[in-house]
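Commentary on secondary and tertiary structure
Chain by chain, the residues:
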Amino acid sequence: MDTDATPSRLRRPRRGRVLLAGALGVLGAITAVAVSVPADAAASTLGAAAAQSGRYFGTAISASKLGDSAYTTIANREFTMVTAENEMKIDATEPNQGQFNFTSADQIYNWAVQNGKQVRGHTLAWHSQQPGWMQSLSGSALRQAMINHINGVMAHYKGKIYAWDVVNEAFDDGSGGRRDSNLQRTGDDWIEVAFRTARAADPAAKLCYNDYNIDNWTWAKTQGVYNMVKDFKQRGVPIDCVGLQGHFNSGSAYNSNFRTTLQSFAALGVDVAITELDVEGASATTYANIVNDCLAVSRCVGITTWGVRDSDSWRSSQTPLLFDGDGNKKPAYTAVLDALNAAGPNTSPSPTPPVSPSPTPPVSPSPSPSSSPVTGACSATLTTINSWPGGFQSEVTVRAGSSAINGWTVKWTWPGGQTFSSLWNGTQSVSGSSVTVRNAPYNGSIAAGSSTTFGFTANGTAATPSVTCTSP
Ligand code: 9MR
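Each chain has its residues counted from 1, running along the sequence as written. Note on the predicted model: pLDDT of at least 70 is required for a residue's local features to be given, and 80 or more for side-chain atom pairs to be given and counted; whole-chain, interface and lining totals, by contrast, use all residues. Hydrogen atoms and water are omitted, and side-chain values are computed over all heavy atoms in the structure.

The next point concerns the nonpolar core. Buried residues of nine kinds, namely Ala, Val, Leu, Ile, Met, Phe, Trp, Tyr and Cys, make up a nonpolar core once their side-chain atoms join them within 4.5 Å. Working definition: with a 1.4 Å probe on protein chains only, accessible area under 20% of the residue-type maximum means buried, over 50% means exposed, and in between means partly exposed. One finds Trp 164, Val 167 and Phe 195 to be the most contacted residues of the largest nonpolar core, which totals 95 residues. Whether two residues are in contact is decided by their heavy atoms: any pair within 4.5 Å suffices. Setting aside its immediate chain neighbours within four residues, Phe 195 contacts Val 166, Val 167, Leu 207, Cys 208, Tyr 209, Phe 232, Val 237, Pro 238 and Ile 239. Within the second largest apolar cluster, 23 residues are counted, among which are Phe 392, Phe 420, Val 435 and Phe 454.

Any Lys or Arg side-chain nitrogen located within 4 Å of an Asp or Glu carboxyl oxygen qualifies as a salt bridge. By the definition in use, this model includes 19 salt bridges. Asp 189 is the partner of Arg 143 in a salt bridge, and the nearest nitrogen-oxygen pair spans 2.7 Å. One end of the pair, Arg 143, is in helix H7 (residues 139–156); the other, Asp 189, is in the loop between strand E6 (163–168) and helix H8 (190–201), with 46 residues separating them in the sequence. For Arg 143, a relative accessible area of 13% gives the class buried. The salt bridge partner of Asp 278 is Arg 315, with a shortest N-O separation of 3.4 Å. Helical segments are the DSSP runs of H or I of at least four residues, strand segments are the runs of E of at least two, and each set is numbered from the N terminus.

Only centres within 6.5 Å qualify two rings of Phe, Tyr or Trp (six-membered ring in Trp) as a pair; their planes then separate them into stacked at under 30 degrees, edge-to-face at over 60, and tilted for everything else. All chains considered together, the criterion is met by 22 aromatic pairs. The interplanar angle of 80° and the centroid separation of 6.3 Å between the aromatic rings of Tyr 254 and Phe 258 together place this pair among those described as edge-to-face. Residues Tyr 254 and Phe 258 agree in their burial class; the two are buried. Taking the centre distance of 5.8 Å and the plane angle of 80° together, the rings of Trp 414 and Phe 456 count as edge-to-face.

The next thing to look at is the confidence of the model for the chain. Per-residue confidence from the predictor is given as pLDDT, running between 0 and 100. Mean pLDDT over the chain stands at 87; residues scoring 70 or higher make up 84%. Confidence drops under a pLDDT of 50 for residues 1–37, and excluding neighbours within four residues, the segment shows 82 contacts in the predicted structure. Note on residues 346–366: pLDDT under 50 across the span, and 64 contacts to partners over four residues away in sequence or across chains.

The next subject is the site of the ligand. Taken together, 13 residues lie around the ligand, and Glu 85, Lys 89, His 122, Glu 169 and Glu 276 are the ones closest in. At 2.8 Å, a side-chain N or O of Glu 169 approaches a nitrogen atom of the ligand. We call two N or O atoms a polar contact when they sit within 3.5 Å, provided that within protein one can donate a hydrogen and the other can accept it, with sequence-adjacent residues counted only if both atoms are side-chain atoms. Trp 306 has a polar side-chain atom sitting 2.9 Å from an oxygen atom of the ligand. For the accessible areas, the method is Shrake-Rupley and the probe is 1.4 Å, while residue cover comes only from the protein chains on display. Here the ligand has 450 Å² of accessible area as a free molecule, and 75% of this is covered by the chains. Asp, Glu, Lys and Arg are counted as charged, while Ala, Val, Leu, Ile, Met, Phe, Trp, Tyr, Cys and Pro are counted as nonpolar; the rest, among them Gly, fall into the polar class. Partitioned by chemical class, the residues of the shell around the ligand number 3 nonpolar, 6 polar and 4 charged. Each residue is tested against the molecule or strand, and it is near if at least one of its non-hydrogen atoms lies within 4 Å.

If you want it as structure tokens, here you go:
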């Protein structure tokens, strides 16, 4: 995929500037194209104005409104990114377990791409808007259902989604800890399992964690999410972006430390985006501040408002959007457009996710794990956690014996020609059917009796060969 947050077709040189257009795109491209645009050529739509700095400007779209030409006229004219407001959620896409339905989701997807827009996927794993069958699941059955759901939805849109909100709203509002939910009760690792499953399912999509009330840097919830993302980056859990929803109201007011929050997340090595922006009362000043905060952070890749007109908003009585119920531009619209037009180019690329073959659903039950002897410096246990026709995902737990170890090597022999498609938290070397996985730079040291894990996806039939663990 494009290494920049925004594809080249969305980029325009800034007005009144001479720009090295080549430098915005392919790394190392020496071709310099000088483009001069008259100083009065301010962009006249939100999407075009945002594209001047390499960003997108998006909106939530509701499938039920695609027949409303006043709505689609504004949406098509102003926005370059689309999020389905409800249609890609779990209850909409898997109303019965194992039976996927993309009718409404595809209406939005098709409208978006037919009008030259990109699509953010929202959302794959969430405590809310679960279909009844999922609400009644728990434990390993729910964990497996979550994995199946991610695989099923991402397979349908493989290669077509700019970024997925893989996990939505998993943190508690007050404490900064995890929110209690049926998903959380399957084990703390549910979020990283969701992200690893998502990476394997569509390596081209950016994978985001998305939440509200994480805008104020001083709030415990913000810090809780920040610490999770930091931990994920340190341990190699695949995460590319953090979505800050940006629902600002009297109980969760905009604070100028929002810029610090965006900068702090970005400094962890992820993109940030404002994914569901609305502001109670739509103060033009507040909207401009928010846009300027994003523009000040090179990895703030774009802004999405949560609806088109006030009448389309989930909280329309607060008139929080940029267009009034009649489709007229509000003062906040002009403030946003002016802020975007004043921005310079954003040249900061974001990393491209690793590319690996992807599985297709559905999954089959997991075989039992295979373990190495528990005596010695270390032991290893290989467990298949997900499989599908032609591929599977496994996790290996490496445990130190009665002494701490500093470095580990796990070996096995594939029984049936299996091959890795991706591996995380370790370094692999393969010779024929013989596999050797050594620790990554950051997880070689294990205290006595403690453990670490690595994981992989592979092509072929799921297998649990016997594994050995040695420590130098
Ligand atoms: O705007 C959405 C509204 O139509 C739905 O009824 C509601 C149901 O949960 O979800 C709203 O969107 C939410 C989004 O998916 C996640 N962040 C909060 C949004 C506003 O509630």
